[in-house]
Amino acid sequence: MNGLLSGLAVCGVCGSPVHAGVNARTGIRTYLCSASTGHLTRNAEPIEVYVRGVVIARLSVPDAHDVLNDPAHSDVTDAWDSLTTSRQRVIVGTLMRVTLFPPGRGTRTFRPETVGIEWLS
Ligand SMILES: [Zn+2]
């Protein structure tokens, strides 16, 4: 399965796209730098949860409703969650540039500041 941000987000160390992977030991989905695994390997889920929240907040602004183009869902969260991952990827790629930074040594909890978000539209 492709992650939401695979090939979309970039490595905060070198700027290369990140790819989705799976930790062979734990089975946890990850994102890792496509240029060097020494740059970063991060658990995918907390990053995706964070980005989902940011996107939903952005799309909740009235001028952004057209992006979803889905009159069947008046609730932005429902509309977002009803989209396929490939459609979500298109929207994320249109709205923002996501940069993943190394989480830092000894950090086990997710910190939002390690995910850079730059608005494109
Ligand atoms: Zn890198």
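Because the structure is a prediction, the values reported are computed rather than measured.

Enquirer: Residue-level account of the sheet that holds strand β5 (residues 96-100), with values.
Expert: Read from one edge to the other, the open sheet built from 3 strands follows the order β1-β5-β6, with strand pairing classed as mixed. Both outer strands of the open sheet, β1 (10-11) and β6 (115-119), are each paired with one neighbouring strand and no more. Both β5 and β6 contribute to a ladder of 5 bridges, which runs antiparallel. Within β6, the residue paired with M96 across the bridge is W119. Running at roughly 25 degrees to β6, helix α1 (residues 44-59) makes contact with β5 and β6 of the sheet.

Enquirer: Which residues make up the UniProt feature "domain: Recombinase zinc beta ribbon" (unreviewed entry) in the chain, and what values do they have?
Expert: The positions UniProt marks with the feature "domain: Recombinase zinc beta ribbon" (unreviewed entry) are residues 4-37. As annotated, residues 4-37 has a helix share of 0% and a strand share of 35%, and its two end C-alpha atoms lie 19 Å apart.

Enquirer: If you had to explain the nonpolar core to someone new, which residues and values would you point to?
Expert: Counting residues in hydrophobic clusters, the biggest one holds 21 residues, and the most contacted among them are L5, V18, Y31, V51, V98 and L100. Elements supplying a minimum of two residues to this core: β3 (29-33), α1 and β5. The leading source of residues in this core is α1, at 5 residues. Not counting residues up to four positions away in its chain, the partners in contact with V18 are L5, S6, A9, V10, C11, Y31, L32, C33, S34 and L100.

Enquirer: Lay out α1 in plain terms, naming residues and giving numbers.
Expert: Along an α-helix, residues three or four apart share an orientation, since each turn contains 3.6 residues. Relative to the 22 Å expected for 16 residues at 1.5 Å per residue, α1 spans 22 Å between its end C-alpha atoms, a close match to the ideal helical length. Restricting attention to buried positions, one finds in α1 the residues A44, I47, V51, V55 and L59. The buried side chains of α1 occupy one side of the element, clustering within an arc of 95 degrees when seen end-on. What points out from α1, more than 90 degrees from its buried face, is the exposed set V49, G53 and A57.

Enquirer: Requested: an account of the environment of S86, with residues and values cited.
Expert: With respect to the helices, strands and loops of the structure, S86 is situated in helix α4 (residues 85-95). Spatially, the C-alpha atom of S86 lies 14 Å from that of A9, the residues being 77 residues apart in sequence.

Enquirer: Describe the sheet that holds β3, naming the residues involved and giving the relevant values.
Expert: In spatial order, the strands read β2-β3-β4; together these 3 strands make up an open sheet with antiparallel pairing. The open sheet has two free edges, formed respectively by β2 (18-22) and β4 (41-43), since each of these has just one partner strand. Averaged over all neighbouring strand pairs, the angle between strand axes comes to 30 degrees, with direction disregarded. Contacts from α1 reach β2, β3 and β4 within the one sheet, and its direction differs from that of β3 by about 85 degrees.

Basis of the calculations
- Residues numbered from 1 in each chain as written.
- Predicted model: local features only at pLDDT ≥ 70, side-chain atom pairs only at ≥ 80, totals over all residues.
- Pairing = 2+ DSSP bridges.
- Helix = DSSP H or I, 4+ residues; strand = E, 2+ residues; numbered from the N terminus.
- Contact = placed C-beta atoms within 7 Å.
- Axes fitted to C-alpha atoms, helices over the stretch in contact; angles between N-to-C directions.
- UniProt positions renumbered as here; feature names shortened; annotations may be inferred.
- Core = buried A, V, L, I, M, F, W, Y, C linked by C-beta atoms within 7 Å.
- Buried ≥ 20, exposed ≤ 12 C-beta atoms within 10 Å, placed from the backbone.
- Expected span 1.5 Å × (residues − 1).
- Arc of directions from axis to C-beta.

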